[in-house]
Each structure stands twice: as C-alpha cells, then as structure tokens.
Amino acid sequence: MSFEFQTTCEYQKYFTPSHDMVRKSAREFVKKEVLPYIDEWEEAGEFPVEMYKKAADLGFLGLGYPEEYGGIPADIFYRIAVSEELMRTGSGGFCAGLGSLNIAIPPILSMGTDEQKKRFVAPVLAGEKIAALGITEPGGGSDVANIRTTAVRDGDHYVVNGSKTFITSGCRADQLTCAVRTGGEGAHGVSLLVIEADSPGYSVSDRLKKTGWWASDTAEIYFDNCRVPVENLLGRENEGFYGIMANFQYERLMLAVMANMTARLALEESLRYARERKAFGKTLMGFQVTRHKLAEMATLVEAGTEFTYRVAAKIGAGEDQIKEVSMAKNFACMVSDKVTYDAVQIFGGYGFMRGYLVERLFRDNRVLSIGGGTTEIMNEIISKFL
Ligand SMILES: Cc1cc2nc3c(=O)[nH]c(=O)nc-3n(C[C@H](O)[C@H](O)[C@H](O)COP(=O)(O)OP(=O)(O)OC[C@H]3O[C@@H](n4cnc5c(N)ncnc54)[C@H](O)[C@@H]3O)c2cc1C
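Owing to the predicted nature of the structure, the values given are computational and were not obtained by experimental measurement. (Residues numbered from 1 in each chain as written. Predicted model: local features only at pLDDT ≥ 70, side-chain atom pairs only at ≥ 80, totals over all residues. Heavy atoms only, no water.)

Asker: Would you mind going over unusual backbone geometry with me for this structure?
Answerer: Keep in mind that most residues, glycine aside, have a negative phi and that most peptide bonds are trans. Backbone geometry at Asn238 places phi at a positive 70°, although glycine is not the residue there. Looking at where Asn238 falls in the secondary structure, it is placed in the loop between β8 (233-234) and α11 (240-276). By relative accessible area, Asn238 is classed as partly exposed at 23%. With phi around 50°, Phe280 is a residue other than glycine that occupies positive phi space. (Helix = DSSP H or I, 4+ residues; strand = E, 2+ residues; numbered from the N terminus. Buried < 20%, exposed > 50% of the residue type's maximum accessible area, 1.4 Å probe, protein only.)

What follows is the structure in structure tokens.
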C-alpha cells in the first residue's frame, strides 16, 4: 500500500506488514470519522466524547496495554504508527485530547494494585471513561519536586487542597492521576493519587483559551478540601515522584513523534503548494530559493524521524534512553519549529489565514517544546549525561 509517507529512513527496519495493517485502519478511521468534522471541532474547542469509544472499539486506545485490562499487547511501533496517522487529522489538539490516557494510565499500571487497574484502567481503555494527568500547578510545571497541592490523611480519606493547571482533557476527565504532597519538601514528599471528578471538593474551570491545540480541552482543576479514599493512592506514600519521572519517557517520545509528523505534514503541504502556486510567470518551485528551502526542510524531517525511531526501538528493547529521548524531543521540536515557520513563509499570506493546514500546524507546533518538559529542561537532563 501507499503510505503517503515518502521517506528515505529505514521504514522497513521498524515497521512490519502487521504494523502497516494497523496504520491502514487508523488512516481509514481518520478519513471517515475525523477529517470531515475536524475544522468544526477545532472552532468548537472540543471533539465529541463518543470519539473515545469509537477509537477504543477499533483497538487504538488499548494498543500496547495488558490484555487483562482490555488492552492489546503490541510493541511501541504500533503506537507510533497509530499516532502518526492520527496526526494526519492535522489537529494536534485532537491527538492530545484523545491520547490523554497515555500519560494518565501508565503510572496506574506501574504502581497500582490489580484492583486499582480494574477500576481505573479497564474503563478508560474501553473508551467508557476519560483519564487525565495532573502534575502542573499555577506556581510551576518544570519543578515537579516542588508541587504545592497537599493531601493530608484523615481516617480512610486524604483531604486534598490546591490546584492543577494546563490539564489536557481536564474539563471532561472522569479521573485525574494527580501529584500531591503527602510528605515534607522535595521529591521524597510527593505521592500519586487517582482523584475522581465526582469527588466532593473537586471543581474545574472553563476551557482555557490557547494559541493552538484548540480541539483539546485544557483546564485548571481545583481541590477544596477534596476527599479522596485512601485506596486511590498509587504505590506507597511519598514514592510518587519516580512514577512521574518514568512516565515522562514515553510522553517525550510521543511528543517527538508528534513534532516529526507536524513537520512532515507542513513539508508535504509546502511541496504541493510550491508546485501549484505561480509568481512572476513560474511556479514557486521554479525559484531556487524555494527548492533549497524545501530541500532543507526535507533533510531535517528525515533526520528527526530516523533518530526518533532509533530511540523508540531501543526503548522497545528495554534500553535506558533518558538522555536520548530528551535529545529526540528537542531535535524533533527544533525541526518542527523551523519547518512550520518555513511552510507558512512558502504559503505567503494564505499561510497566515485560518482554514489553511500550515497555519494550524504552525500554531499547534508551539506547545511541543513546552509540554512534557521544556527544551531547557531536556537540555538540563542531557547535560547531566555529558
Ligand atoms: C496545551 C498544554 C497542555 C498541557 N497538558 C498538561 C497535562 O495534561 N498535565 C500536566 O500536568 N501538565 C500539562 N501541561 C503543562 C506543561 O507540562 C508545563 O507547561 C511545562 O512542564 C512547563 O511548566 P510551566 O508552564 O509551569 O513553565 P515553568 O516551569 O514556569 O518554566 C518557565 C520557563 O522557565 C524555564 N525553566 C524552568 N526551570 C528551568 C531550569 N531549571 N533551567 C532552565 N530553564 C528553566 C522553562 O524552560 C520555561 O522556558 C500542558 C501545557 C500546555 C501548554
């Protein structure tokens, strides 16, 4: 089949015909269920909640998760193939919103009991409940060890006070995998609680208005003496920080995949436009400056994609890639920053107009070097390994 995925990177080294079948079904889902409506959902600031069930029924939400909780065991490249195809919606917001479970569920799987996994993982993989991750607070996101939201034990409940912000799927989430302070200052005082949205004292802001990712709802969440049963604690008290850090690896890899696809889509759009659009009696492709710009864009996209795949393969093989995944995220974001900027330039005034894909890619791209750990935090991590 044709993948519209013209690439010189070693595609066959990472993806088998079986990955391609899943890719094809994700592509059909996008074509039929998302593309006809995505502009409307972007303007509305959300997509219908039924999309979680539709995606779950096709197996996209459960990919790579344990069978006993409704998942489908699959290697990392199945998830990458699906993410790449979902990015073909041209809406980072749709992908982030539909995919919020992928940052909320892993700590439950790695730290939770069987009972907690049955309660908090199975319904999410089935598309029946929506999960979000709550780490960032109004006072800061990078300095995770310094979070201020407190959880104080009161009998068989924790009483939670504080707030979280910028939470993807925050308005619609049924449950929040939430970082709270149960102990003293620093990383050793942080725990993870699953807080259900119907808990007393839990409330949510209106959707936050953003530069990009319009189709994903992003919220601030408030806890006012919010009572959470003790049985919702993941792992042991004050050991949540390690679960949060482990979770970042996968998130950063998938953000790199999103950045590479953002750049690839911008490149594809630019190539098409440069062949059609005429100025001074020839197509834009007729100008060497445009051809060279496209050549540089293509080179960066190939290099970013290949490096991300290499890191993914090593993560899939169980190798520690903390430094490399930070490099992959930063490199992919550097590529998508440049490529989306150049794409808008090639489109001229149209590139600045709503309704043109490159305009949305340019806006959606900006968050990729902020979310999941900023460029500067990635560089801090990388520099520790040098
Ligand atoms: C659309 C969107 C969706 C998000 N979704 C979620 C979500 O679902 N769940 C969640 O928990 N969070 C989410 N976030 C939050 C995101 O993870 C944080 O924005 C990010 O971690 C940065 O934190 P901050 O915004 O508080 O910036 P700050 O931590 O205040 O940083 C501000 C600036 O200072 C720099 N800086 C900070 N510390 C250092 C340092 N040590 N060295 C050098 N520079 C430094 C940063 O790089 C940045 O440039 C989302 C954010 C956005 C915008």
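Asker: Any chance you could explain the site of the ligand here in plain terms?
Answerer: In the neighbourhood of the ligand, 19 residues make up the surrounding shell, with Thr136, Gly141, Ser142, Thr374 and Glu376 lying closest. One nitrogen or oxygen atom from the main chain of Gly141 is found 2.7 Å from an oxygen atom belonging to the ligand. Taken by itself the ligand offers 970 Å² of open surface, and the protein chains cover 65% of this. With 3 residues, strand β3 (residues 157-168) is the largest single contributor of residues to the shell around the ligand. Its residues assigned to classes, the shell around the ligand shows 9 nonpolar, 8 polar and 2 charged. (Near = heavy atom within 4 Å. Polar contact = N/O pair within 3.5 Å; in protein donor to acceptor, adjacent residues only side chain to side chain. Areas by Shrake-Rupley, 256 points an atom, 1.4 Å probe, with all protein chains shown as cover. Nonpolar A, V, L, I, M, F, W, Y, C, P; charged D, E, K, R; others polar.)

Asker: Is there a simple way to explain the pattern of salt bridges in this structure?
Answerer: As a working rule, side chains carrying opposite charge can pair if their charged atoms are close by. Under the criterion given, the structure shown has 26 salt bridges. Between Arg172 and Asp217 there is a salt bridge, with the nearest N and O atoms lying 3.1 Å from each other. Separated by 45 residues along the polypeptide, Arg172 in the loop between β3 and β4 (175-181) and Asp217 in the loop between β6 (202-204) and β7 (218-229) bring together distant segments of the chain. The exposure class of Arg172 is buried, given its relative accessible area of 15%. (Salt bridge = Lys/Arg side-chain N within 4 Å of Asp/Glu carboxyl O.)

Asker: Sorry, what's going on with a nonpolar patch on the surface here?
Answerer: On the surface, Tyr350, Phe352, Met353 and Tyr356 cluster together to form a nonpolar patch covering roughly 430 Å² of accessible area. If you trace the backbone, Tyr356 turns up in the loop between α13 (322-347) and α14 (357-365). Overall, the relative accessible area of 31% leaves Tyr356 in the partly exposed class. (Patch = residues over 30% accessible without salt bridge, like charges linked within 9 Å, V, L, I, M, F, W, Y side chains within 5 Å.)

Asker: How should I be thinking about the confidence of the model for the protein in this particular structure?
Answerer: If pLDDT is low for a region, its predicted coordinates should not be looked at in detail. Per-residue pLDDT for the protein has a mean of 96; in total, 98% of the residues score no lower than 70. Counting contacts from residues 1-5, a segment whose pLDDT is below 50, to residues more than four positions away or on other chains yields 19 contacts. (pLDDT = per-residue confidence, 0-100. Contact = heavy atoms within 4.5 Å.)

Asker: Is there a simple way to think about the side chain of Arg79 in this case?
Answerer: By the element assignment, Arg79 lies in helix α5 (residues 76-87). Here Arg79 is buried and forms no salt bridge, its nearest opposite-charge partner Asp75 lying at an N-O distance of 9.0 Å. Only 3.4 Å separates the side chain of Arg79 from the side chain of Tyr65, close enough to count as a polar contact. Dropping the residues within four chain positions of it, Arg79 is found in contact with Leu63, Gly64, Tyr65, Asn102, Tyr250 and Met254. (Lys, Arg positive; Asp, Glu negative; His and termini not counted.)

Asker: So what exactly am I meant to see when it comes to the nonpolar core here?
Answerer: Phe94, Leu98 and Ile105 are the most contacted members of the largest nonpolar core, which totals 95 residues. For this core, the element with the highest residue contribution is α11, accounting for 18 residues. Not counting residues within four places of it along the chain, the set of residues in contact with Leu98 comprises Phe47, Met51, Tyr52, Ala55, Leu61 and Leu86. Among the nonpolar cores identified, the runner-up in size contains 18 residues, and Ile167, Ala173, Cys178 and Leu233 belong to it. (Core = buried A, V, L, I, M, F, W, Y, C linked by side-chain atoms within 4.5 Å.)

Asker: Got a minute to help me understand the packing of aromatic side chains in this structure?
Answerer: When we look at a pair of aromatic rings, we describe it by the centre distance and by the angle of the planes. Using the criterion set out here, one finds 17 aromatic pairs in the structure. For the ring pair Tyr14 and Phe77, a centre distance of 5.2 Å and an interplane angle of 25° mean the geometry is stacked. Here Tyr14 is found in helix α1 (residues 11-14), whereas its partner Phe77 is found in helix α5, with 63 residues between them in sequence. Note on Phe15 and Tyr309: the rings are 5.2 Å apart at their centroids and 75° apart in plane angle, and the pair reads as edge-to-face. With Phe15 in the loop between α1 and α2 (17-34) and Tyr309 in helix α12 (residues 288-316), this residue pair connects regions lying 294 residues apart in the sequence. (Phe/Tyr/Trp six-rings, centres within 6.5 Å; stacked < 30°, edge-to-face > 60°.)

Asker: Just to check I follow, could you spell out the packing of α2 against α5 for this structure?
Answerer: Two quantities define a packed helix pair, namely the angle between the axes and the distance from one axis to the other. At a minimum axis distance of 9 Å, the contact between α2 and α5 shows a crossing angle of 25°. In this view, α2 runs roughly parallel relative to α5, as classed from their interaxial angle. At the point where α2 passes α5, the crossing takes the right-handed sense. Residues Ser18, His19, Val22, Arg23, Ala26, Arg27, Phe29 and Val30 of α2 touch α5, and the partners they reach there are Phe77, Tyr78, Ala81, Val82, Glu84, Glu85 and Leu86. A breakdown of the residues in the contact of α2 with α5 according to their chemical character gives 9 nonpolar, 2 polar and 4 charged. (Axes fitted to C-alpha atoms, helices over the stretch in contact; angles between N-to-C directions. Parallel < 35°, antiparallel > 145°, perpendicular 65-115°, else oblique. Left-handed = near helix turned anticlockwise from the far one by under 90°.)

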